[in-house]
Amino acid sequence: EAQVTQNPRYLITVTGKKLTVTCSQNMNHEYMSWYRQDPGLGLRQIYYSMNVEVTDKGDVPEGYKVSRKEKRNFPLILESPSPNQTSLYFCASSTRAQETQYFGPGTRLLVL
Amino acid sequence: AQSVTQLDSQVPVFEEAPVELRCNYSSSVSVYLFWYVQYPNQGLQLLLKYLSGSTLVKGINGFEAEFNKSQTSFHLRKPSVHISDTAEYFCAVRNYGGATNKLIFGTGTLLAVQP
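Residues numbered from 1 in each chain as written. Chains lettered and ligands numbered in written order. Predicted model: local features only at pLDDT ≥ 70, side-chain atom pairs only at ≥ 80, totals over all residues. Heavy atoms only, no water.

S.K.: Quick rundown of the pattern of salt bridges? Include the residues and the values.
M.R.: Two side chains bearing opposite charge may form a pair once their charged atoms approach each other closely. Tallying each qualifying case throughout the model produces 10 salt bridges over all chains. Across the pair Lys102 of chain B and Asp59 of chain A runs a salt bridge whose closest N-O atoms are separated by 2.7 Å. Taken as a pair, Lys102 of chain B in the loop between β10 (87–95) and β11 (104–105) and Asp59 of chain A in the loop between β6 (54–57) and β7 (65–66) lie in two separate chains rather than in one. Between Arg77 of chain B and Glu20 of chain B there is a salt bridge; the shortest N-O distance is 2.8 Å. Of this pair, Arg77 of chain B sits in strand β9 (residues 73–78) while Glu20 of chain B sits in strand β3 (residues 19–21), and the two are 57 residues apart along the sequence. By relative accessible area, which is 27% here, Arg77 of chain B ends up partly exposed. Accessibility expressed as a relative area gives 35% for Glu20 of chain B, which makes it partly exposed. Here the salt bridges share partners, and the residues they tie into one network are Lys18, Lys65 and Glu79 of chain A. (Salt bridge = Lys/Arg side-chain N within 4 Å of Asp/Glu carboxyl O. Helix = DSSP H or I, 4+ residues; strand = E, 2+ residues; numbered from the N terminus. Buried < 20%, exposed > 50% of the residue type's maximum accessible area, 1.4 Å probe, protein only.)

In C-alpha cells, the structure reads:
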C-alpha cells in the first residue's frame, strides 16, 4: 500500500531535550516536506526537499533541522525543543511533476 | 506572494442540508487549487483538485468545487451533508509550474453537521 508513515504519532517531551520525528514514504517520490498545523493558522511549511541531499527552508524553519540521506526518509529534528513548538506535524511527499501531495497521519508533539 | 483565505472558521449545518465552504486566493501567477479534509484525529486526505480544464471539479464523498478565475475563488459545495462529513476542511494553492511543490494553506473551516 502506497503511504507516508510518521513516528512517533504522539510525543511528550521537555524543553531542551533533542528529538527526531521520522517520516518515510514508499512511493519513490522525489519531493518531501514538513508542515506544522496550529489552530487558526492552518498548515505552514517548515522545510522541504526536492531530492536526496537537497533541502531548503519553508516558511517557519526556525528551531528545526532536516536531512535527506535517502530518498524514502525525511526526518525532522528539533535540537532544543521549546514550548512554542508544541504542534501537530505532518510530513508530505509527491513526485516533482505531480500536483498532489500525500500526507502522513501526523505527529502530535507537546513540549513542556 | 500567494495567500489563501477561508473566511468561515466554523460552519454549523443540519444533516441533509446543503453547504458551501468558501475559499478565495491571491496569486500573481496561475495556480493549482486543492481541498483537503481532516477528520477528527486523522491526517489530511485529498478531497478534490483543480489543475486545468473544466472549472467544475468533483471529488470524493459527493463534494464538488468550482474554480472562478475572475473572482479568484474555489468554493466547496455539497448538496446534502451527513453527520460523517463533520471535519475540518482546508483549501490550498500551489504555483503552476513552480520550482517547488509547496502548498499554501488556508486556516481551515470546521464543518459541524448536526442531526
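Structure's up, so let's keep going.
S.K.: Report on the interface of chain B and chain A, specifying residues and quantitative values.
M.R.: The accessible area lost on association of the parts is a frequent measure of interface size. If you look at the interface, chain B gives 23 residues, while chain A gives 24 residues. Between chain B and chain A lies a buried interface of about 1,700 Å² when both sides are counted; carbon and sulfur atoms form 50% of it. Sorting the residues of the side of chain B that touches chain A by element identifies β5 (31–38), β6 (44–50), β10 and β11 of chain B as the ones contributing at least two each. With 4 residues, β5 of chain B is the single largest residue contributor to the side of chain B that touches chain A. Tallied by class, the residues present in the side of chain B that touches chain A amount to 11 nonpolar, 8 polar and 4 charged. (Contact = heavy atoms within 4.5 Å. Buried area = accessible area lost by both parts, 1.4 Å probe. Nonpolar A, V, L, I, M, F, W, Y, C, P; charged D, E, K, R; others polar.)

S.K.: Quick rundown of the sheet that holds β7 of chain A? Include the residues and the values.
M.R.: Residue and element names in this part refer to chain A. Strand order across the open sheet formed by 4 strands is β1-β3-β8-β7, with antiparallel pairing between neighbours. Strands at the two margins of the open sheet, each flanked by one partner only, are β1 (4–7) and β7. As defined by bridge partners, β7 adjoins strand β8 (residues 76–78) across 2 bridges and the pair is classed as antiparallel. Each bridged residue has a counterpart across the sheet, and for Lys65 the counterpart in β8 is Ile77. (Pairing = 2+ DSSP bridges.)

S.K.: Describe the side chain of Ser94 of chain A, naming the residues involved and giving the relevant values.
M.R.: Mapped onto the fold, Ser94 of chain A is located in strand β9 (residues 87–94). With residues near it in sequence (within four places) discarded, Ser94 of chain A still touches His29, Glu30, Tyr31, Thr100 and Gln101 of chain A together with Asn101 of chain B.

S.K.: Kindly report on the side chain of Lys78 of chain B, identifying the contributing residues and their values.
M.R.: Residues and elements named next belong to chain B. Structurally, Lys78 can be placed in strand β9. Among the residues examined, Lys78 registers a relative accessible area of 7% and is labelled buried. Here the side chain of Lys78 touches Asn61 through a polar contact of 2.8 Å, landing on its backbone oxygen. Contact partners of Lys78, with chain neighbours within four places excluded, come to Ala17, Pro18, Val19, Asn61, Gly62, Phe63 and Asp85. (Polar contact = N/O pair within 3.5 Å; in protein donor to acceptor, adjacent residues only side chain to side chain.)

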